[in-house]
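Descriptive analysis of the structure
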Amino acid sequence: MSSVASFPYVYFLGVGGIGMSALARWFQANGHHVSGYDKTSTPLTQALEAEGILIHYEDAVDNIPVEVRTNQAQTLVVLTPAIPADHREWAWLREQGYDIRKRSQVLGVLTQGRPTIAVAGTHGKTTTSSMVAHLLHHAGVPCAAFLGGISVNLGSNLLLPTAGPDADKAPVVVEADEYDRSFLTLRPTIAIVTSTDADHLDIYGHKDALVESFRQFVSQIEPGGTLIINHTADASVAAATPVGVRVIRYGLTTEQGPELHASAITARGHQFHFNLHSPAGVVPDLELAVPGYHNVENMLAAACVALLQGVAPQPLQAAVAAYRGVKRRFEFIVTTPEKIYVDDYAHHPREIEAFLRSLRALYPGKRLRVIFQPHLFSRTRDFAAGFAESLSIADEVRLLDIYPARELPMTGVSSEIIFRGITSPSKLLQTKEQVLRDAEIDTTFDVLATVGAGDIDQLVPRLKNILQNRWHGSEA
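Report on the accompanying structure.

Here's the deal with the overall build of the protein
Tallying secondary structure elements over the protein gives 16 helices and 22 strands in all. Taken against the 2.2 N^0.38 rule, which gives 23 Å for 476 residues, the C-alpha radius of gyration of the protein at 22 Å falls within 12% of a compact globule. Of the contacts formed within the protein by residues at least 6 apart in sequence, a portion of 68% connects residues at least 24 apart. Split by element, the accessible area of the protein, about 19,000 Å² in all, is 50% carbon and sulfur. Of note, the protein has its 40 positive side-chain charges centred 2 Å away from the centre of its 50 negative side-chain charges.

Observations concerning the side chain of H134
Take H134: it is sitting in helix α6 (residues 125-138). Within the structure, the side chain of H134 is placed 3.5 Å from the backbone nitrogen of Y323, a separation counted as a polar contact. Apart from residues lying up to four places away in sequence, H134 is in contact with N153, A319, A322 and Y323.

Looking at the sheet that holds strand β5 (residues 99-102)
Taken together, the five strands give an open sheet; going across it, the order is β3-β2-β1-β4-β5, and neighbouring strands pair in parallel fashion. Where the open sheet ends on each side, the last strands, each with one partner, are β3 (54-56) and β5. Direction aside, neighbouring strands of the sheet carry axes that sit 20 degrees apart on average. Summarising the sheet, strand β4 (residues 75-79) and β5 pair through four bridges and their orientation is parallel. Each residue of the ladder has a partner; that of V77, found in β5, is I100. Each of β1 (9-13), β2 (33-37), β3, β4 and β5 touches helix α4 (residues 88-95); the most contacted strand, β1, lies at about 140 degrees to it.

Notes on the packing of α6 against helix α10 (residues 293-308)
Here α6 crosses α10 at 40 degrees, and the two axes come no closer than 9 Å. With respect to each other, α6 and α10 are oriented oblique. The hand of the α6/α10 crossing is right-handed. Here α6 contributes T127, T128, M131, V132, L135 and L136 to the contact with α10, which in turn contributes N295, N298, M299, A301, A302, A303, V305 and A306. Among the residues making up the contact of α6 with α10, the classes are represented as 10 nonpolar, four polar and no charged.

As for the nonpolar core
If you look at soluble globular proteins, the nonpolar side chains tend to sit buried side by side. Ranked by internal contacts, the top residues of the largest apolar core, which has 73 residues, are I228, L316 and L359. In terms of residue count, α10 provides more of this core than any other element does, 10 residues in total. Apart from residues no more than four positions distant in its own chain, L316 is found in contact with L135, L276, V283, A303, A306, L307 and V311. The next biggest cluster of nonpolar side chains, apart from the first, holds 47 residues, and it includes V10, V172, L186 and V237.

Some details on the packing of helix α12 (residues 349-362) against helix α13 (residues 377-391)
The contact between α12 and α13 brings their axes to 9 Å, and the two run at 5 degrees. The pairing of α12 with α13 is recorded here as roughly parallel in orientation. On α13, the residues that touch P349, I352, E353 and L356 of α12 are F383, G386, F387, S390 and L391. Here the residues of the contact of α12 with α13 sort into six nonpolar, two polar and one charged.

Comments concerning α10
Helix length check: α10 (16 residues) gives 23 Å between terminal C-alpha atoms against 22 Å at 1.5 Å per residue, within 8%. Across the 16 residues of α10, 13 count as buried, placing the element largely inside the fold. Two residues or fewer after α10 comes G310, characterised by a positive phi angle close to 95 degrees.

Focus: the pattern of salt bridges
Under the criterion given, the structure shown has 19 salt bridges. Measuring nitrogen to oxygen at the nearest pair gives 2.6 Å for the salt bridge that ties D343 to R328. In this pair, D343 sits in strand β17 (residues 340-344) while R328 sits in the loop between α11 (313-322) and β16 (331-335), placing the two residues 15 residues apart along the sequence. Among the residues examined, R328 registers a relative accessible area of 11% and is labelled buried. Between E396 and R367 there is a salt bridge, and its shortest N-O distance comes to 2.5 Å. Pair noted here: E396 is in strand β19 (residues 396-399) and R367 is in the loop between α12 and β18 (368-373), with a separation of 29 residues, a long-range link. Its relative accessible area of 31% is what places R367 among the partly exposed residues.

A short note on the sheet that holds strand β12 (residues 246-250)
If you walk across this open sheet you meet the seven strands as β8-β7-β9-β6-β10-β11-β12, and the pairing is mixed. Edge strands, defined here as strands with exactly one partner in the open sheet, are β8 (156-159) and β12. Going from strand to strand, the sheet's axes swing by 20 degrees on average, the running direction of each strand aside. Bridge count for strand β11 (residues 226-230) against β12 is five bridges, and the pairing is parallel. Looking across to β12, one finds that N230 is bridged to Y250. Of the strands in this sheet, β6 (116-120), β7 (144-151) and β9 (172-176) touch helix α5 (residues 103-111), which is tilted by about 155 degrees from β9. Sheet contacts for α10: β6, β10 (190-193), β11 and β12; angle to β11, the most-contacted strand, approximately 165 degrees.

Definitions and limits used
- Residues numbered from 1 in each chain as written.
- Predicted model: local features only at pLDDT ≥ 70, side-chain atom pairs only at ≥ 80, totals over all residues.
- Heavy atoms only, no water.
- Helix = DSSP H or I, 4+ residues; strand = E, 2+ residues; numbered from the N terminus.
- Rg over C-alpha atoms; globule rule 2.2 N^0.38 Å.
- Contact = heavy atoms within 4.5 Å.
- Areas by Shrake-Rupley, 256 points an atom, 1.4 Å probe, with all protein chains shown as cover.
- Lys, Arg positive; Asp, Glu negative; His and termini not counted.
- Charge placed at Lys NZ, Arg CZ, Asp CG, Glu CD.
- Polar contact = N/O pair within 3.5 Å; in protein donor to acceptor, adjacent residues only side chain to side chain.
- Pairing = 2+ DSSP bridges.
- Axes fitted to C-alpha atoms, helices over the stretch in contact; angles between N-to-C directions.
- Parallel < 35°, antiparallel > 145°, perpendicular 65-115°, else oblique.
- Left-handed = near helix turned anticlockwise from the far one by under 90°.
- Nonpolar A, V, L, I, M, F, W, Y, C, P; charged D, E, K, R; others polar.
- Core = buried A, V, L, I, M, F, W, Y, C linked by side-chain atoms within 4.5 Å.
- Buried < 20%, exposed > 50% of the residue type's maximum accessible area, 1.4 Å probe, protein only.
- Expected span 1.5 Å × (residues − 1).
- Salt bridge = Lys/Arg side-chain N within 4 Å of Asp/Glu carboxyl O.

Here it is, written out as structure tokens:
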């Protein structure tokens, strides 16, 4: 596979995807002519356009920039799995013999020969990888990062190391995606596995196949490397590491993470305070401004990486205190003394449970309303009972239609199959417009949460505006 850096033109099919856009920004920053297609205009594609990347939104060969159409041998095409099989531009590019590679293949090439810190897991990987990148960057350790979300601290999903003679040797932090076995293109020096819960069964068929892919992933850790693995992960995964790879297990307690755990965990307002116990020693008095016990776990793994990279305890304390999270991960949108509105990307039952239980811990006794948009027909089919159980933690549930993403409808699969199992005192099937009308007239709840990985984020600015006007609240 030739070096991707040799192509002067790079064309993205699905440029607005969170992982694709980070790659597009990398090529743009490195002097390539970058352009692309996406289905819809979003704040992210608009940001890319403002940065000089040419994007169109109609699937038509004539829309492909002329320099791409006339320079086949000098153009790299990067493809997201979300592009449908009947896509006209993709078909034409194949017929013309363009070099077409998946996003994961390109990421594998870009990280080849460089120290790679890869964060994998069916949930938690975006937050944890952003934490690693932030801690290293804040502490002055040169690094690059390709993230699956917009870091609030960095204002981007891409971090480039400071220019210098050793910039191309700086470690690379990557979110290692298990979807379509994408992470098997990576050869990490340090790997984190946050979770191996069943997901993407449309690809894997059953959980055993998913676990096997994680076993393959950790088997590719470089000699002398390190695996940092959550106590909930399947036990067979850690056993698949090569001889000589160090395994560090982590969790909130000594029993869960004998090598890496927390102590003296306390919640004070939105902050969590705790001590870090790692193989490198104890780092006391860490202050994490992003709430949730699951985020304390994520920070344990990220802080351990920072210590392995030579960050001293005092700079680590400062970096943890400065971390402000990822857009749409436990993001406070509106706050008043009496009312709270939070947005979160959770789209798996375990993620929703962790998020809602953390809200309950922060606001005990408060009336909690959750607006949830299921993501994918296959995930809804496979985990309907789990979704219903986790959503039932809320006092009120407002359930939107399924966001299909790359999938076609499935017979008998709708939000109704989740709705039937929800046991909350109040539950409704609603459209986005009904949700907005409700917010105009009914604010009997104390805490509102929008949850999901589809286009529910389009509701956030509109809800924010309505609630700020009604509550006279401030932006969080």
